[in-house]
Amino acid sequence: MDTIVEKITGIWEDDEKIIRTAAEIIRNGGLVAFPTETVYGLGGDAFDENAAAAIYAAKGRPSDNPLIVHIAETEDLTKLCDDVPPAVYALAERFWPGPLTMIVGKNSRVPDTVTGGLETVAVRLPDNLTARRLIKASGTFIAAPSANLSGRPSPTAASHVKEDLAGRIDMIIDGGNIEIGLESTIVDMTGEIPMLLRPGFVTAEMLRETVGEISYDPAIMSGVSGDVKPKAPGMKYRHYAPRAEMTLVEGAPDAVIAKIKRLAKDAAGDGKRVGIMVPSEDGKFFSEGEIICPGSRENTKEIAKNLFGALREFDERGVDIIYAEAFSREGIGSAVMNRLLKAAGQRIIKV
Ligand code: TXA
Ligand code: MG
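Residues numbered from 1 in each chain as written. Chains lettered and ligands numbered in written order. Predicted model: local features only at pLDDT ≥ 70, side-chain atom pairs only at ≥ 80, totals over all residues. Heavy atoms only, no water.

Some details on the pattern of salt bridges
One pass over the structure, following the stated rule, counts 24 salt bridges. Across the pair arginine 243 and aspartate 315 runs a salt bridge whose closest N-O atoms are separated by 3.8 Å. Of this pair, arginine 243 sits in the loop between helix 8 (219-222) and strand 12 (245-250) while aspartate 315 sits in helix 10 (residues 300-316); the two residues are 72 residues apart in sequence, bridging distant segments of the chain. Taking the relative accessible area as the measure of exposure, aspartate 315 reaches 12% and is therefore buried. For glutamate 325, the salt bridge identified is with arginine 297, shortest N-O distance 2.7 Å. Of the two residues, glutamate 325 sits in strand 15 (residues 321-325) while arginine 297 sits in the loop between strand 14 (290-292) and helix 10, which places them 28 residues apart along the sequence. By relative accessible area, arginine 297 is classed as partly exposed at 29%. Through salt bridges with shared partners, one network takes in Arg152, Glu163, Asp164, Arg243, Arg312 and Asp315. (Salt bridge = Lys/Arg side-chain N within 4 Å of Asp/Glu carboxyl O. Helix = DSSP H or I, 4+ residues; strand = E, 2+ residues; numbered from the N terminus. Buried < 20%, exposed > 50% of the residue type's maximum accessible area, 1.4 Å probe, protein only.)

Right, here's the structure in full:
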């Protein structure tokens, strides 16, 4: 299959043509990758069972892993859910459009293939003009997972989408680099107390300010060990992962640097090509290996934005093993560490 690639220009009329072409593809059951503020999504018609099946096939994704349905206005919720809880509107009022996905009870219009057979549906109103124009122009809602091959880091640039999906989907809309760089926060609104299933840019503290108490899916930080099964089915897979094995080192910067140096030296001695990921303040302490600094220790947002690109870059440089300094878990740092721990298969050394 030839994949059309079109770049958003910022000129309304030119972009209108691109969006019309993409909307037509969606209406005809095809697949379009498009930008959102978090990561690129791989979209298909949310009411078309075959489109959902095509999404799973293109990504190589297990079909028990449900998709997020993207809408263009808050009122669209009533077309997916018969009984929208008031707390959902309270959160929508504050965070939509934006990087928050809410799980609600689904009505019978939402196909089982989209929800992986669950009685609930994940809904999000993205804060990206191209995304919202596309949803509106398609005249339907758009089911979209992140636009990467299953298991690879989520795409934060159109080039990442091309790497993974060119030849497998109908169209890629290149909206430039993404602002946030980590997937949306997911909160399950179907119980008495909202439950955080996936941390993201909208933090637990921010949710609490609006809805009071929230609970946490115990699998968020511990990963999937023994009988702790995550409530978001997608969180159980080794995810966001570079090809090389990654280990995190956590502690005071001096001790972390010393430990990573020792580990890197040993691995290099074994003939391995070593990748090192540390905050930019610490880059100067390393001279050997493939060193990538996703951002300053003082700027967790910058680290979030560059994290997945950095993991892909290690793949490109062909490293065999990666040692990474653990970042702060404050605020959005909790989402950064959640993704890093997953990418590392929960391997972490404390010094
Ligand atoms: O930022 C984002 O959320 C991006 C952009 C494209 O919107 N999308 C995204 O989709 O990250 P995906 O498919 O990569 O992750 C969706 C997660 C999966 O872990 C899935 O299991 C969970 O949401 N999920 C979807 N529907 C669910 C439901 N009804 N109940 C629990 N978890 C659900
Ligand atoms: Mg994903």
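The structure having been displayed, the exposition proceeds.
Regarding the layout of surface pockets
In this structure, the largest pocket occupies an estimated 620 Å³ of space. Contributing to the lining of the largest pocket are 40 residues, with Arg61, Pro66, Ile68, Ile186 and Arg198 lying nearest its centre. Mapped onto the lining of the largest pocket, the elements with two or more residues apiece are strand 4 (68-70), strand 6 (120-124), strand 9 (185-188) and strand 10 (195-198). In terms of residues, the lining of the largest pocket owes the most to one element, strand 6, which gives 4 residues. Empty space within the second largest pocket amounts to approximately 220 Å³. Lys261, Ala264, Lys265, Ala268, Gly269, Val274, Ile276, Phe285, Phe286, Ser287, Glu288 and Gly289 are the residues that line the second largest pocket. Mapped by element, the contributors of at least two residues to the lining of the second largest pocket are helix 9 (253-269) and strand 13 (274-277). Partitioned by chemical class, the residues of the lining of the second largest pocket number 6 nonpolar, 3 polar and 3 charged. (1 Å grid on protein atoms, 1.4 Å probe; cavity = no way out; pocket = protein on both sides within 12 Å on 5 of 7 lines; lining within 4 Å. Points joined across faces, edges and corners; volume = space filled by probe spheres on them. Nonpolar A, V, L, I, M, F, W, Y, C, P; charged D, E, K, R; others polar.)

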